[in-house]
Structure formats: C-alpha cells, structure tokens
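For reference, the chains in residue letters:
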Amino acid sequence: MPLTPNSSLELLFPPSLIPSSIQAKLGSDLHIRPLASTDHKRGHLEVLRVLTQAPDVSADSYTSTTPPFHPATYYTIVILTLSDEIIAVGSLFVERKFLRSLGLVGHIEDIAVSEKVQGRKLGLRIIEALTGISESVGCYKTILNCSDKNIPFYEKCGFEKKENEMVSSP
Ligand code: ACO
C-alpha cells in the first residue's frame, strides 16, 4: 500500500510540531508524523508488542478511542515506511504542574521500534522528535522511566540518570 499523505488523515496534533530536522535525518524512504485515527491497520499495536502485551482491539474501537487523551496534552508519533507500515512509535504526555508558576513537564512513554529495524537510529529519532515537541510546547524538563538495560540507549539520546522510580501495584 502506498504511503497515505497527512492531508488524508485525522492526526492527533499538528505535524508542524515535529521538528523538520528529524524528517531530514530519516531520509526519503521513511516518514514521521503524529498518530492517525486509522493507524490500527498500519501496525501500531504490532510495534508496541516489542515493549509489552498489546492485545488486538477492533478497528472500530481503536478509531473511536483515538486520540485516547486530550490532544493538547498527549503527543504520539509514528515512523512509517513508504509502504505505509508503522515501524517505530513513541509518546509524550505533558503534565501541568502547580509549582514553578504552573510549569509544564514532558513525560516520554512507550518507545518501541520494530525488532526488524532496531539499531538503525529510529529510537533516537523518536526521542529527538518528542523532546523537540516537549521544548516547543514549553516544558521546563522532559523525563522518563526505563529498565537498567535501556539506560545506555537513553544516555546516547542525551538523558542522564537522576532519582529513582517507585511503583505501587494493586
Ligand atoms: N544498550 C546499549 N546501547 C544501546 C542500546 C542498549 N540496549 N540500545 C540502543 N543503544 C545505542 C545504539 O547502539 C546507538 O548508539 P550509537 O549512536 O553509538 O550507534 C544509540 O543507542 C541509538 O540507538 P538506536 O539505533 O536509535 O536504537 P533503536 O532504534 O534500536 O531503539 C529501543 C532503541 C527503543 C530501546 C529499541 O531497541 C526497542 O524498541 N526496544 C524494545 C522496547 C523497549 O525497551 N523500549 C524502551 C522502553 S522505555 C520507555 O518507553 C520510556
């Protein structure tokens, strides 16, 4: 299937928020854009399965619940091949704080690159794009949680380890 142009899609947020330098670095055979309401059929959930369980949902319920959060606070991006297949994804959630004069903090979540294309800098491009969006919407910092084995990847992306994660499970 040929790549569907942005103009034919219902996108989660304006594509101009993704720094244009990221598309230039990806080259002409890959395309980066915001998540679209019809991305169920392009392999969005398949790519997320490299991360954890992502059971299939019907195309109808996917479309009716996408975007899953208020578009002003949730930015999900995808990288596609020219055959319209999603091969890398990531999300930025923007939190409004009461401190720092109602400042904003960007949280990076659910970074996943298809196993067949890992190691080709697509994870790095997703992180560069999300931190670019975080800065352009005014976040004073961008943070994420990750496993020990992914620390070297995030260090390569310019992040540094700070503080600890605490979890409560029901
Ligand atoms: N250990 C050491 N270095 C690493 C690792 C690693 N596990 N992964 C990547 N790197 C390095 C690469 O070698 C590269 O270094 P270089 O610039 O010196 O060549 C640099 O980090 C950039 O790597 P990419 O090619 O961009 O990595 P990739 O596209 O494979 O994406 C990712 C990395 C997202 C971790 C991918 O392997 C993946 O999807 N893994 C499974 C799911 C996962 O663990 N996601 C992250 C969860 S944490 C979160 O979502 C906040």
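Relevant structure appears above.
What comes next concerns the included structure.

What counts, and at which threshold
- Positions within a chain are numbered from 1, following the residues in the order the chain's sequence is written.
- Note on the predicted model: pLDDT of at least 70 is required for a residue's local features to be given, and 80 or more for side-chain atom pairs to be given and counted; whole-chain, interface and lining totals, by contrast, use all residues.
- Excluding hydrogens and water, the side-chain figures rest on all heavy atoms present in the structure.
- A pair of aromatic rings is counted whenever rings of Phe, Tyr or Trp (Trp by its six-membered ring) have centres within 6.5 Å, and the orientation is called stacked for planes under 30 degrees apart, edge-to-face for over 60 and tilted otherwise.
- Helix and strand assignments follow DSSP, with helices taken as H or I runs no shorter than four residues and strands as E runs no shorter than two, numbered in order from the N terminus.
- Each residue is placed in one exposure class: buried if its accessible area under a 1.4 Å probe, protein chains only, is under 20% of its type's maximum, exposed if it is over 50%, and partly exposed if it falls in between.
- Among buried residues, the Ala, Val, Leu, Ile, Met, Phe, Trp, Tyr and Cys ones that are joined through side-chain atoms within 4.5 Å form a nonpolar core.
- Two strands qualify as a pair provided that DSSP identifies no fewer than 2 bridges between them.
- Every angle, taken between N-to-C directions, lies between 0 and 180 degrees, and every axis is a line fitted to C-alpha atoms, over only the stretch in contact when it is a helix.

Observations concerning the packing of aromatic side chains
- By the definition in use, this model includes 4 aromatic pairs.
- A centroid spacing of 4.9 Å and a plane angle of 70° characterise the contact between phenylalanine 13 and tyrosine 75, whose relative ring orientation is edge-to-face. Here phenylalanine 13, found in the segment before helix H1 (20–26), pairs with tyrosine 75, found in strand E2 (residues 74–81); they are 62 residues apart in sequence, far enough to count as distant. Each member of the pair phenylalanine 13 and tyrosine 75 is classed as buried.
- Pairwise contacts between aromatic rings join Phe153, Tyr154 and Phe159 into one cluster.

What to know about the nonpolar core
- Ranked by internal contacts, the top residues of the largest apolar core, which has 42 residues, are Ile32, Ile77, Ile79, Leu122, Leu130 and Ile133.
- If you list the elements that add at least two residues to this core, you get H1, strand E1 (30–34), helix H2 (44–48), E2, strand E3 (86–96), strand E4 (104–113) and helix H5 (122–136).
- No other element matches the 7 residues that H5 contributes to this core.

Some remarks on the sheet that holds strand E5 (residues 139–143)
- With mixed pairing, 5 strands are arranged side by side in an open sheet as E1-E2-E3-E4-E5. Each end of this open sheet is capped by a strand with a single partner; those strands are E1 and E5. Strand-to-strand twist across the sheet, computed as the mean angle between neighbouring axes with direction ignored, equals 20°.
- Where E4 and E5 come together, 4 bridges link them in parallel fashion. Looking at E5, one finds that glycine 106 is bridged to threonine 142.

Thoughts on the pairing of E3
- Burial analysis of E3 places 8 of its 11 residues in the buried class, which makes it a mostly covered element.
- Here E2 runs beside E3; their pairing, made up of 7 bridges, is antiparallel. Looking at the pairing, threonine 76 lines up with serine 91 of E3.
- Bridge count between E3 and E4: 8 bridges; the pairing is antiparallel. Residue pairing across strands places alanine 88 opposite valine 113, the latter belonging to E4.

Any functional reading would require information beyond the geometric quantities listed.
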